[in-house]
Amino acid sequence: MTLLGEHDLQTLMRNVMRQVDADQVEVVAYGGTSSLTRFANNYIHQNVQESSTQVRVRAVIGKKIGVATTDDVSEGALSAVAKRAVEIARLQQDNEDFVSLPGPAGIAKVPARLPQTAECGPERRAEVVRAVCDAAKAASLVAAGAFRTGESEIAVMNNLGVWAYHDDATADINTVVMGETSSGHAERWTLDVDEIDGAALAAEAIDKARRSVNPHQLVPGDYDVILEEYAVADLMDYFAYLSFGSRAFVEKRSFMSGRIGDKIMGENVSIWDDGHSSEGIPSPFDWEGAPRKRVDFIENGVARGVVWDSYEANEQSVENTGHALPAGETFGPIPGNMFMATGNATKEEMLASTKRGIWVSRFWYTRPVHPLTVVLTGMTRDGTFLIEDGKIVAPVHNLRFTQSYLEAMNQVQMIGRESRLLSGFGGSCRVPALKIKDWTFTGSSTSIPE
């Protein structure tokens, strides 16, 4: 299946909108094709492809709102979903806080669909996976993972004049390479499938697995840490999930609440969201068709703002930043294209500057303990190493930590000068590696995660 394209989607959505008997009407269409090659035990065991188009209708009658969705784009099904949204709206109670759907605004086109990625087939994915599996086998290790390519499109139309369309194509791959007592991990996410090098991916994961053989037990405590980009992405995920959305901000569940203009992180820390940047996975408008504005969360340690959708912005009489989720979702607006500013250090310089500490490849199974201060508990995984006198001296068993991510951002000693694009909560994030003082580890595990 190829994308329907802007013209055909516009025609389809206009026909749906005509059939919705309501004061305000919104139609959202999202679809595309996703292809996946899975591998385990050093061979491909599954190759699948899924194509779909979903149409979501929001009907507003006064202050009553109804939402209905279908993945059947036949004429009859689209007529039925239009009527169902109206029926649902008529059964609702008034939402007194609702003001209006967004009106039209200029949206810049951001190219994000490269033909080599959109047209990538199973043979190309198999070549990359073979490079990973062959390298793992040659190292007497076992590789597993998945390589996905896909193209998608989203369009938003409402009867106030909004029309927005965006298409993209993306590729991502991840692998975990395992031995009897060790494991290593690597992943990539990109707009350009040609940037994915199977041999380089395998080399990264295999190197971690080889160096992690026969890990030592380490006494829990506070250690300086070097967090690779994979681990730093987890910090960004939880800031997005718990702290940088307007719902948590208004309800005073965010550390940003009441502190705009205050210094709350180290002055070397800047974090923002930018859906128009080609350095991430662009997303130029939200699920209401409002343009995504760049939002600076933290600027040189100072709290600057959070993301808003039209509902929350109208309620609080502030500017909509264009970060709405699909109609019917109740979580509130979230960031989807996060960035953290790079510094000027290399990982080698971070290592050389560390008297005693821990090198962390990535985190997993992280869960909130105290949302307001973003205290998380979780485990390290796929390469955790003891540092002494500026050198990695031994692998250690995976460590459990209980740590405030907010406090950690006040203890950042060095920031990597390069960044990596990774998947993130609600979208993508591009982050550097960090050296952080006094990370709190509370225990360890002798098992290897599966």
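As a starting point, this report considers the structure included with it.

All right, on to the overall build of the protein then. In terms of regular secondary structure, the protein is built from 10 helices and 17 strands. Compactness check: the protein gives a C-alpha radius of gyration of 24 Å against a globular reference of 22 Å for 450 residues, within 12% of the reference. Taken over the C-alpha atoms alone, the protein extends approximately 70 × 55 × 35 Å along its principal axes. Expressed as a percentage of its 450 residues, the buried residues of the protein come to 56%. For the protein, contacts bridging at least 24 residues in sequence account for 73% of all contacts bridging at least 6. Surface summary for the protein: the accessible area is close to 19000 Å², and the carbon and sulfur share equals 47%.

Read from one edge to the other, the open sheet built from six strands follows the order β3-β2-β1-β4-β5-β6, with strand pairing classed as antiparallel. Every interior strand has two partners, whereas the edge strands, β3 (64-70) and β6 (183-190), have only one. Taken pair by pair, the neighbouring strands of this sheet meet at an average axis angle of 15°, ignoring direction. When strand β2 (residues 43-61) meets β3, the two strands line up antiparallel, connected through seven bridges. Paired with V57 across the bridge in β3 is A68.

A full pass over the atoms with the stated rule returns zero disulfides. Cysteine C133 remains unbridged, with the sulfur of C120 as its closest cysteine sulfur at 16 Å. C133 gets classed as buried once you look at its relative accessible area, which sits at 6%.

The next subject is helix α6 (residues 229-242). Look at α6: 20 Å from first C-alpha to last across 14 residues, which is about the 20 Å you get at 1.5 Å a residue. Within α6, the full set of buried residues consists of E229, Y230, A231, V232, A233, D234, L235, M236, Y238, F239, A240 and L242.

Here we take up the side chain of S257. Inspection of the secondary structure puts S257 in the loop between α7 (246-250) and β8 (271-273). Of the polar contacts made by the side chain of S257, one reaches the backbone oxygen of F249; its length is 2.8 Å. In contact with S257, other than residues within four places in its own chain, are A248, F249 and K252.

Moving on, we come to the packing of aromatic side chains. Under the defined criterion, the tally for this structure stands at 19 aromatic pairs. Between F244 and F297, the aromatic rings sit 4.2 Å apart at their centres with planes inclined by 5°, giving stacked as the arrangement. Taken as a pair, F244 in the loop between α6 and α7 and F297 in strand β9 (residues 295-299) lie far apart in primary sequence, 53 residues in all. Each of the two residues, F244 as well as F297, counts as buried. Taken together, the ring pairs in this structure connect Y238, Y241, F331, F363, F401, Y405, F425 and W439 into an aromatic cluster.

Parameters and conventions
- Residues numbered from 1 in each chain as written.
- Predicted model: local features only at pLDDT ≥ 70, side-chain atom pairs only at ≥ 80, totals over all residues.
- Heavy atoms only, no water.
- Helix = DSSP H or I, 4+ residues; strand = E, 2+ residues; numbered from the N terminus.
- Rg over C-alpha atoms; globule rule 2.2 N^0.38 Å.
- Buried < 20%, exposed > 50% of the residue type's maximum accessible area, 1.4 Å probe, protein only.
- Contact = heavy atoms within 4.5 Å.
- Areas by Shrake-Rupley, 256 points an atom, 1.4 Å probe, with all protein chains shown as cover.
- Pairing = 2+ DSSP bridges.
- Axes fitted to C-alpha atoms, helices over the stretch in contact; angles between N-to-C directions.
- Disulfide = S-S within 2.5 Å.
- Expected span 1.5 Å × (residues − 1).
- Polar contact = N/O pair within 3.5 Å; in protein donor to acceptor, adjacent residues only side chain to side chain.
- Phe/Tyr/Trp six-rings, centres within 6.5 Å; stacked < 30°, edge-to-face > 60°.

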